[in-house]
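Single-letter residue listing:
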Amino acid sequence: MSDRRPRIRVINPNSNETVTRNLDMALAPLRFADGPEIVCSTLAEGPFEIETQADVESVVMPLRRLVESDNSSDAFVIACYSDPGLHVCREGTSRPVFGIAECGVLTALARASRFGVIAIGQRSIARHMRYLRQMALLDRLAGERPLEMSVAETASGDKTLQRMVEIGNRLKDEDGAEAVVMGCAGMARHRRPLEDALGIPVIDPTQAAVAMALGTVQVGRH
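Residues numbered from 1 in each chain as written. Predicted model: local features only at pLDDT ≥ 70, side-chain atom pairs only at ≥ 80, totals over all residues. Heavy atoms only, no water.

Draft legend 1. Structural view of the packing of helix α8 (residues 160–173) against helix α9 (residues 191–198). α9 packs onto α8 with a crossing angle of 45° between their chain directions and a minimal axis gap of 10 Å. Relative to α9, the element α8 is oriented oblique. Once α8 is placed against α9, the crossing between them reads as right-handed. Seen from α8, the contacting residues are L161, M164, V165, G168, N169 and K172; seen from α9, they are P193, L194, A197 and L198. Residues belonging to the contact of α8 with α9 are distributed by class as follows: seven nonpolar, two polar and one charged. (Axes fitted to C-alpha atoms, helices over the stretch in contact; angles between N-to-C directions. Helix = DSSP H or I, 4+ residues; strand = E, 2+ residues; numbered from the N terminus. Parallel < 35°, antiparallel > 145°, perpendicular 65-115°, else oblique. Left-handed = near helix turned anticlockwise from the far one by under 90°. Contact = heavy atoms within 4.5 Å. Nonpolar A, V, L, I, M, F, W, Y, C, P; charged D, E, K, R; others polar.)

Draft legend 2. Representation of the sheet that holds strand β3 (residues 75–78) within the structure. Spatially, the four strands line up as an open sheet ordered β2-β1-β3-β4, and their pairing is parallel. Bordering the open sheet on either side are β2 (37–42) and β4 (97–99), each of which pairs with just one other strand. Strand-to-strand twist in this sheet, taken as the mean axis angle between neighbours without regard to direction, amounts to 20°. Inspection of the sheet shows strand β1 (residues 7–12) paired to β2 by six bridges, in the parallel sense. When the sheet's bridge partners are listed, R9 is paired in β2 with V39. Each of β1 and β2 touches helix α1 (residues 17–26); the most contacted strand, β2, lies at about 170° to it. (Pairing = 2+ DSSP bridges.)

Draft legend 3. Layout of the sheet that holds strand β6 (residues 141–146). Across the sheet, which stays open at both edges, the four strands sit in the order β6-β5-β7-β8 with parallel pairing between neighbours. Of all strands in the sheet, those bounded by a partner on one side alone are β6 and β8 (202–203). Across five bridges, strand β5 (residues 115–119) lies against β6 in parallel orientation. Bridge pairing in β6 links G116 to G143.

Here it is as structure tokens:
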């Protein structure tokens, strides 16, 4: 077994450094002595916000090049709820690559029969629904509702949590969601207070993906 400390690289595909900082803080509970290093980085070539299919497509090949060129990381996490470039990046490396949407939903399914998703905006929902249809999980979806806020607002806005509580309660009370997935990496800082307010599990998909990467790397070490 190598003495080198393993590393998990978490990539924010947009160029908003505030989002990356919030991700880094949200992952603090997953860092421990002698455990894998968890490094958060920003894709400088990415758009400031990823809100459209065009934004998603624009980061696919830059992500692939980044993953291919990194020979020091033992696992990668793509920290955008659209999982841009997930399969393309998996083709480019023998190391595991995790997408936060896939991992967030799978984690919700382990906690509840039906889950809801908080999206940043209405136009994101069609893209998310295509993904859930591809995963054959639409029958477990209670509903998805939008904040109608930008990625930047969810990352740094002072009224974001209030709006998330409102939408989360509608998912729980009107749609029957037994767990809620936060449908944007920029929401990371709100997981705990949102869960306290709703009284049901709230999944931060980046935490979920890094937890899966952590388990994979740790088992691989031993």
